[in-house]
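# Topology and contacts: notes
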Amino acid sequence: MDKDDFENEKFKPQFIETLQAELKNRTFNPLPVRRVEIPKPGTNKKRPLGLPTVKDRCVQTLLRMLMEPIWEADFYSFSNGFRPGRCPMECVQPWSTLCNTTSGSRWVIEGDRKACFDRIPHDKVVAEVARRIADPHILKLIRSFLQSGRMDHGQVAASDEGTPQGGRVSPLLANIYVHGFDEWYYEHYGMPDVRTDAAKRSAWQHARRKGKNKAAPPMFRYADDWIIAIRGTRAQAQDIKEEGKGFLQEALGLELSEEKTVITHIIDGFDCLG
């Protein structure tokens, strides 16, 4: 099957009917993704992609259409990557304010997770999906995509972890899994909601004005990249970096890229999403 087949008007309804029957009868099984590599901008490295078949892309798109509205109600405003109506500028634009002389921000943590898409544990990400979707058939379908394997130079290899970049549902699954990091950040450093806890919000605002207790470090995340502004000292920035590193390793099984995760003074400049 290739794109030329879809030029045939008789093929389209037949394709849809066959796919509907397979999903209804639960006989649908995804095929291994085709592995290709593309250059990573600004480096000599390459980024591995896993390209699903046309049929698998259709089913993944349906899954995304089903799941996306559910998690859009959960995701925080500072998470911007691979979400409808959002773009990298949602992360970049606020820095024009954060870097001025009155905001008080002095230090920046530039965070990057090492091979985030490739390291996501299948059992854990399915468990995260199961927190909001109870249908066992949907969960089984998601697991089948995760474990479909990959075709690399004519050889099929098993996929024991990760969700392949290139899949229609992969960015959403990655966001669902990394949402655990967002929850950790919000619990420890997020701005309290004045409607639910006015006293905590007042204490937060006082600490923010004083630049104490690592208060109010705004974070912006785009996929596996994140950046935090610190009003206090470099030591406070280092503490937050180490705390985030520990949470990622212990709770999510992910590692920070020591090469790309750096602490920079705003006077020296920094690179936010290129």
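Scroll up to find the structure.
Figured I'd write up the structure that's included with this text. Quantities reported herein were computed from a predicted structural model and do not represent experimental measurements. (Residues numbered from 1 in each chain as written. Predicted model: local features only at pLDDT ≥ 70, side-chain atom pairs only at ≥ 80, totals over all residues. Heavy atoms only, no water.)

### Observations regarding the pattern of salt bridges
To keep it simple, the criterion reads: Throughout this description, the term salt bridge denotes a Lys or Arg side-chain nitrogen within 4 Å of a carboxyl oxygen of Asp or Glu. In this description a helix means any DSSP run of H or I spanning at least four residues, a strand means any run of E spanning at least two, and both kinds are numbered starting from the N terminus. Note on classification: 1.4 Å probe, protein chains only; a residue is buried when its accessible area is under 20% of the maximum for its type, exposed when over 50%, partly exposed between these limits.
Counted under the stated rule, the structure contains 13 salt bridges. Salt-bridge contacts for Arg-143 lead to Asp-123; the nearest nitrogen and oxygen are separated by 2.8 Å. With a gap of 20 residues between them, Arg-143 in helix α7 (residues 136-146) and Asp-123 in helix α6 (residues 122-130) connect regions that are remote in the sequence. Put simply, Glu-128 and Arg-131 hold a salt bridge, and the shortest N to O gap is 2.8 Å. Exposure remark for Glu-128: the relative accessible area of 23% places this residue in the partly exposed category. It is possible to trace a salt-bridge network through shared partners that takes in Lys-114, Arg-119, Glu-161 and Glu-255.

### Focus on the sheet that holds strand β8 (residues 262-265)
For clarity, the threshold we go by: Note on pairing: DSSP must find at least two bridges between two strands before they are called paired. To obtain each axis, a line is fitted to C-alpha atoms, and for helices this fit is confined to the stretch in contact; angles are then taken between N-to-C directions over 0 to 180 degrees. Residue contacts follow a heavy-atom distance rule, with two residues in contact if any of their heavy atoms lie within 4.5 Å.
Taken in spatial order, the four strands line up as β6-β7-β3-β8 in an open sheet, and their pairing is antiparallel. Looking at the sheet topology across the chains shown, the edges are occupied by β6 (219-222) and β8. Across the sheet, the axes of successive neighbouring strands diverge by a mean angle of 15 degrees, strand direction being ignored. Two strands pair when backbone bridges link them, and strand β3 (residues 107-112) and β8 are joined in this way by four bridges, in the antiparallel orientation. Within β8, the position partnered with Glu-110 by the bridge is Val-262. In this fold helix α8 (residues 170-189) packs onto β6 and β7 (225-230), with an angle of close to 175 degrees to the strand it touches most, β6. In the packing of helix α10 (residues 234-252) onto the sheet, the strands contacted are β3, β7 and β8, and the crossing angle to β3 comes to about 20 degrees.

### Focus: the packing of aromatic side chains
How we decide: The criterion for an aromatic pair is that two Phe, Tyr or Trp rings (for Trp, the six-membered ring) have centres within 6.5 Å, with stacked assigned to planes under 30 degrees apart, edge-to-face to planes over 60 apart and tilted to the rest. Charges are assigned to positions over rings by a cutoff of 6 Å between ring centre and Lys NZ or Arg CZ, combined with an angular limit of 35 degrees from the ring normal.
Counting across every chain of the model gives 15 aromatic pairs. Ring geometry for Trp-95 versus Phe-270: centroids 5.1 Å apart, planes at 65 degrees, classification edge-to-face. Of this pair, Trp-95 sits in helix α4 (residues 95-98) while Phe-270 sits in the segment after β8, and the two are 175 residues apart along the sequence. Relative accessible area serves as the criterion here: at 6%, Trp-95 is assigned to the buried category. Consider the rings of Tyr-185 and Tyr-189, whose centres lie 6.4 Å apart with planes at 35 degrees: the pair is tilted. Of this pair, Tyr-185 and Tyr-189 both sit in helix α8, four residues apart, which is roughly one turn of the helix. As far as burial versus exposure is concerned, Tyr-185 and Tyr-189 are alike and both buried. Chaining the aromatic ring pairs together yields one cluster made of Tyr-76, Phe-78, Phe-181, Trp-184, Tyr-185, Tyr-186, Tyr-189, Trp-226 and Phe-247. The residue whose ring lies beneath Arg-113 is Phe-181, and the NZ or CZ to ring-centre distance is 4.7 Å.

### With respect to unusual backbone geometry
Most peptide bonds take the trans form, and the phi angle of most residues other than glycine is negative. With phi around 55 degrees, His-153 is a residue other than glycine that occupies positive phi space. Relative to the elements of secondary structure, His-153 occurs in the loop between β4 (150-152) and β5 (155-157). What makes His-153 exposed here is its relative accessible area of 77%. Phi angles above zero are rare outside glycine, and Ala-223 is one such case at about 60 degrees. Classification of Ala-223 as buried rests on a relative accessible area of 11%.

### What to know about the environment of Ile-240
Structurally, the position occupied by Ile-240 is in helix α10. Separated by ten residues in sequence, Ile-240 and Ile-230 place their C-alpha atoms 9.3 Å apart.

### Quick notes on the packing of helix α1 (residues 11-25) against helix α2 (residues 54-72)
Keep this limit in mind: By the definition used in this description, the sense in which the near helix is turned from the far one sets the handedness, with an anticlockwise turn below a right angle giving left-handed and a clockwise turn giving right-handed. Gly falls in the polar group here, along with every residue not listed as nonpolar (Ala, Val, Leu, Ile, Met, Phe, Trp, Tyr, Cys, Pro) or charged (Asp, Glu, Lys, Arg).
Packing of α1 against α2 brings their axes to within 12 Å, and their N-to-C directions diverge by 65 degrees. Between α1 and α2 lies a crossing whose hand is right-handed. Here α1 contributes Phe-15, Leu-19, Glu-22 and Leu-23 to the contact with α2, which in turn contributes Val-54, Lys-55, Cys-58, Val-59 and Leu-62. Broken down by class, the residue content of the contact of α1 with α2 amounts to seven nonpolar, no polar and two charged.

### Considerations on α7
Note the cut-off: By definition, the arc is the one covered by directions from the helix axis to the C-beta atoms.
Restricting attention to buried positions, one finds in α7 the residues Ile-138, Leu-139, Leu-141, Ile-142, Phe-145 and Leu-146. Relative to the axis of α7, the buried residues are bounded by an arc of 160 degrees and lie together on one face. The outward face of α7, more than 90 degrees from its buried face, is lined by the exposed residues Pro-136 and Lys-140. Its buried side turned inward, α7 meets α2, α6 and α8.

### Describing a nonpolar patch on the surface
Our working definition: Put simply, a patch holds well-exposed residues, over 30% relative accessible area, that have no salt bridge, with like charges counted together within 9 Å and Val, Leu, Ile, Met, Phe, Trp or Tyr side chains within 5 Å. Per-residue accessibility takes into account occlusion by the displayed protein chains alone, with areas from the Shrake-Rupley method and a 1.4 Å probe.
A cluster of nonpolar side chains, namely Leu-23, Leu-62 and Met-65, defines an oily patch on the protein surface of about 280 Å² accessible area. For Leu-23, the position within the fold is in helix α1.

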